[in-house]
Amino acid sequence: TPQTETKEFQTEVKKMLDIVIHSLYTEKEIFLRELISNAADALEKFRHQSVVEQEVFDSHIPLEISIEFDDKANTLTITDTGIGMDRGELEANLGTIAHSGSKTFFTKLSETDRKEVNLIGQFGVGFYAAFMVAKKVTVKSRSFRMDDMGHEWISDGGGTFTIAMCPGIRRGTSIVLELTDEAKEYANEQTIRRIIKQYSSFVPFPIKLKGEAINTVQAIWTLGKSEISEEAYTEFYKFIANAFDEPLARLHFSADAPLAIKTLLFIPKENLEAMGFGRMEPGVNLYCQRVLIEQHSKTILPEWLRFLRGVIDSEDLPLNISRQALQDSALVAKINKVVTKRLLKFLEELAKSEPEKYTEFWKNFGMFIKEGVISDFAYREEAAKLLRFESSKTEDGIFTSLAEYVERMPEDQKEIFYINGPSREAIENGPYIEAFKKRNIEVLYTLEPIDDFAMSHLGSFGEKKLVSADCGDLDLPEAAIETEADKEKAQAEAMPESDSAALTTWMKEVLGEQVKEVIASKRLTDSPAMVVNPDGFVTSSMERIMRASGQ
Ligand code: ADP
Ligand code: MG
């Protein structure tokens, strides 16, 4: 390799840098949070590697972050003694965006004029925030691996960066920012202190300014609930989720049997995935006795719980467990199960104790519960208790649970009915609902395309079968509210059987292959005709989706 190489940033990175440098004017100070959080990640990774690997470079230097500034030269330097990066890692990590979610995010962000800077950190592109304040960024890094040399990465945030050798440095990474004129204020002791206090007080390593630690290092999830204030919980959430707002809800619990686990989970307020920013990465970190084993673990919780943020710490896990072993570990599977069950129970209780909060949760995150019902057989029944729908017996915008539906059912009703439609209005003006209205039978309104998949995967709730109201052979009880007068009127208006037979035969001839059969309906009262579904499993709305997706 030549001494100094010049490389191009990946296209997505260029787009992002353009936004970062030219369009983001507010809350520039989060750059420091991003760099400190990277330093903390690097230290956590090193701490784990040092138990896994035989030999690590510079094994005795303390694990810490230090901040230096020079208000004459306008520079700010963030140094960590973490895992470091070799040449290839510098190039890959600081030249491309690895997460596909982040790519989608920035492509979207550059297309619209939504400049949601506070979302940057959540998409794993935090490093580039440095260019919000710096005209030049120099990264010196040396990996923990014994055979690494130390390299220097430099960029002004234009289209390229350079990498050169930089021998003789210690393990870890040092990031030197040459501040722009507008960002001079960040080379100031008071400002730095304030920002670190605000965003980084939960970093689990000392952050040193002028040789003295300015944060209190604490693993909050290991403390008892009574020892933690509301503010501390919120601050910790902001730290771990890279968030700016408060969480919607939290679950903090510890157990000793069957497993020793300490868990602190948060439900955010916003669902970025529903906002169109691409698929979310999971957000729960796995620890063993305060040592980070796996960040954003894909194995510690089911995929459909990827909206959660937080920490699971289990002292039963071996500290030196490898990535591969994690995936195959029966213990991890066990932790997964215990925590998932506990969380589902927590949500069920939340629905009872704080119905408004639960509704807010449901509106934002209900899609994940439905995904769980569809994809995860193991929790289908528990997750079904969390489902909410509007119905013919709720007000507009008010939800009901399946259990509440069952409670309201008349004794002779055997099934739970639902019907899919684009809106409440469309359903109520459609033909499917008529027969139910007449009999005073409640129908759930499944307003999202995914709903019918959830319903048919679920199949039944308790003893009650779930049946789509567009199903061909519905078995409805006699209309309860029919009066003698109604009956006489119906008989007077009814078409003689020979006429209706002639009509249905003619219609079948005209419609041909497009319909399976045409029959005289006993369900309709006001509408002349409706299309129903002969096989019952795949509802009309599911069929539309499948056709649209080419299946
Ligand atoms: P994220 O932290 O979400 O992965 P960033 O843009 O903040 O995204 O950082 C990109 C990557 O660069 C990190 O995943 C990490 O591999 C690497 N990196 C950044 N800062 C450091 C550091 N101080 N030490 C080691 N690696 C780092
Ligand atoms: Mg980061």
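The name given to the protein in an unreviewed UniProt entry is Chaperone protein HtpG, with Thiovibrio frasassiensis as the source organism. In its Function (unreviewed entry) section, UniProt records this for the protein: "Molecular chaperone. Has ATPase activity."

1. Overview of the overall build of the protein
Helix and strand counts for the protein come out as 17 helices and 20 strands. Sorting the 551 residues of the protein into buried and exposed places 33% on the buried side. For the protein, restricting intrachain contacts to residue pairs at least 6 apart in sequence, the fraction spanning at least 24 positions comes to 71%.

2. Notes on the confidence of the model for the protein
Taken residue by residue, the protein gives an average pLDDT of 88. The fraction at 70 or more is 90%. For this predicted complex, the interface confidence score (ipTM) comes to 0.99, while the overall pTM stands at 0.75.

3. Some points on the pairing of strand 4 (residues 134-142)
Strand direction decides the pairing type here: strand 4 and strand 7 (residues 172-179), joined by eight bridges, are antiparallel. The residue of strand 7 that forms the bridge with Thr138 is Val176. Bridge count between strand 4 and strand 5 (residues 151-155): five bridges; the pairing is antiparallel. Considered in strand 5, the bridge of Val137 is made with Ser155.

4. With respect to the nonpolar core
Formed by 66 residues in total, the largest nonpolar core has its most connected members in Ile312, Tyr418 and Val443. At seven residues, helix 9 (residues 355-375) tops the list of elements feeding residues into this core. Discounting residues that sit within four places of it in the chain, Tyr418 has contacts with Val443, Leu444, Thr446, Met455, Leu466, Ser468 and Ala469. Judged by nonpolar contacts, the second largest core, of 50 residues, contains Ala42, Ala134, Ile163 and Ala187.

5. Re unusual backbone geometry
With an omega of 0°, the peptide bond between Ala257 and Pro258 qualifies as cis. Structurally, Pro258 can be placed in the loop between strand 10 (249-255) and strand 11 (261-267). Unlike most non-glycine residues, Arg290 shows phi in positive territory, near 75°. With respect to the helices and strands, the residue Arg290 is situated in the loop between strand 12 (283-288) and strand 13 (291-294). Residue Arg290 is classed as partly exposed on the basis of its 16 C-beta neighbours within 10 Å.

6. Structural notes on helix 9
Taking 1.5 Å of rise per residue, 21 residues should cover 30 Å, yet helix 9 covers just 26 Å from first to last C-alpha, more than 12% shy of that figure. At Phe365, helix 9 shows its largest bend, some 70°. Listed as buried for helix 9 are Tyr358, Phe361, Trp362, Phe365, Gly366, Phe368, Ile369, Lys370, Gly372 and Val373. Where helix 9 is buried, its residues contact strand 10, strand 11, helix 8 (330-353), helix 10 (380-384), strand 15 (388-391) and helix 14 (449-458).

7. Some thoughts on the pairing of strand 11
By the criterion of burial, strand 11 is predominantly enclosed, with seven of the seven residues buried. Alternating positions in strand 11 separate into two faces, Ile261, Thr263, Leu265 and Ile267 on one and Lys262, Leu264 and Phe266 on the other, with burial throughout. As judged from the seven bridges shared by strand 10 and strand 11, these two strands associate in the antiparallel manner. Residue pairing for strand 11: Ala249 is matched across the bridge by Ile267.

8. A short note on the packing of helix 9 against helix 14
Contact pair helix 9 / helix 14: the axes reach a minimum separation of 8 Å and the direction vectors enclose 35°. The crossing of helix 9 and helix 14 is left-handed. In this structure, helix 9 uses Met367, Lys370, Val373 and Ile374 to contact helix 14, whose residues at the interface are Ile450, Asp451, Phe453, Ala454, His457 and Leu458. Residue composition of the contact of helix 9 with helix 14, grouped by class: seven nonpolar, one polar and two charged.

9. Quick look at the sheet that holds strand 17 (residues 415-420)
Taken together, the six strands give an open sheet; going across it, the order is 16-15-18-17-20-19, and neighbouring strands pair in mixed fashion. Edge strands, defined here as strands with exactly one partner in the open sheet, are strand 16 (400-401) and strand 19 (460-461). The pairing of strand 15 with strand 16 spans two bridges and is classified as antiparallel. Bridge pairing in strand 16 links Phe389 to Thr400.

10. Thoughts on the sheet that holds strand 13
Strand order in the open sheet formed by five strands is 10-11-14-12-13, with mixed pairing between adjacent strands. Only two strands of the sheet have a single neighbouring strand rather than two, namely strand 10 and strand 13. When strand polarity is set aside, the average angle formed by the axes of neighbouring strands in this sheet is 20°. The pairing of strand 12 with strand 14 (residues 309-314) spans five bridges and is parallel. Within the sheet, the bridge partner assigned to Asn285 lies in strand 14 and is Val311. Taken strand by strand, helix 8 contacts strand 10, strand 11 and strand 14, and its axis lies near 135° from that of strand 10.

11. Comments concerning the environment of Val203
Of note, Val203 is situated in the loop between helix 5 (189-199) and strand 8 (207-209). Judged by the 22 C-beta atoms lying within 10 Å of it, Val203 is buried. As for Val203 and Met275, which are separated by 72 residues in sequence, their C-alpha atoms are 29 Å apart. Sequence-distant contacts of Val203, defined by excluding residues within four places in its chain, comprise Ile36, Ala40 and Asn215.

12. Some words on the environment of Ser540
Structurally, the position occupied by Ser540 is in helix 17 (residues 540-548). Judged by the 17 C-beta atoms lying within 10 Å of it, Ser540 falls in the partly exposed class. For Ser540 and Ser468, which are 72 residues apart along the polypeptide, the C-alpha to C-alpha distance reads 9.2 Å. Residues within four places of Ser540 in sequence aside, it is in contact with Asp470 and Asn533.

Thresholds, definitions, all that
- Residues numbered from 1 in each chain as written.
- Chains lettered and ligands numbered in written order.
- Predicted model: local features only at pLDDT ≥ 70, side-chain atom pairs only at ≥ 80, totals over all residues.
- UniProt positions renumbered as here; feature names shortened; annotations may be inferred.
- Helix = DSSP H or I, 4+ residues; strand = E, 2+ residues; numbered from the N terminus.
- Buried ≥ 20, exposed ≤ 12 C-beta atoms within 10 Å, placed from the backbone.
- Contact = placed C-beta atoms within 7 Å.
- pLDDT = per-residue confidence, 0-100.
- Pairing = 2+ DSSP bridges.
- Core = buried A, V, L, I, M, F, W, Y, C linked by C-beta atoms within 7 Å.
- Expected span 1.5 Å × (residues − 1).
- Bend = angle between axes of the 7 residues up to and from the residue.
- Axes fitted to C-alpha atoms, helices over the stretch in contact; angles between N-to-C directions.
- Left-handed = near helix turned anticlockwise from the far one by under 90°.
- Nonpolar A, V, L, I, M, F, W, Y, C, P; charged D, E, K, R; others polar.

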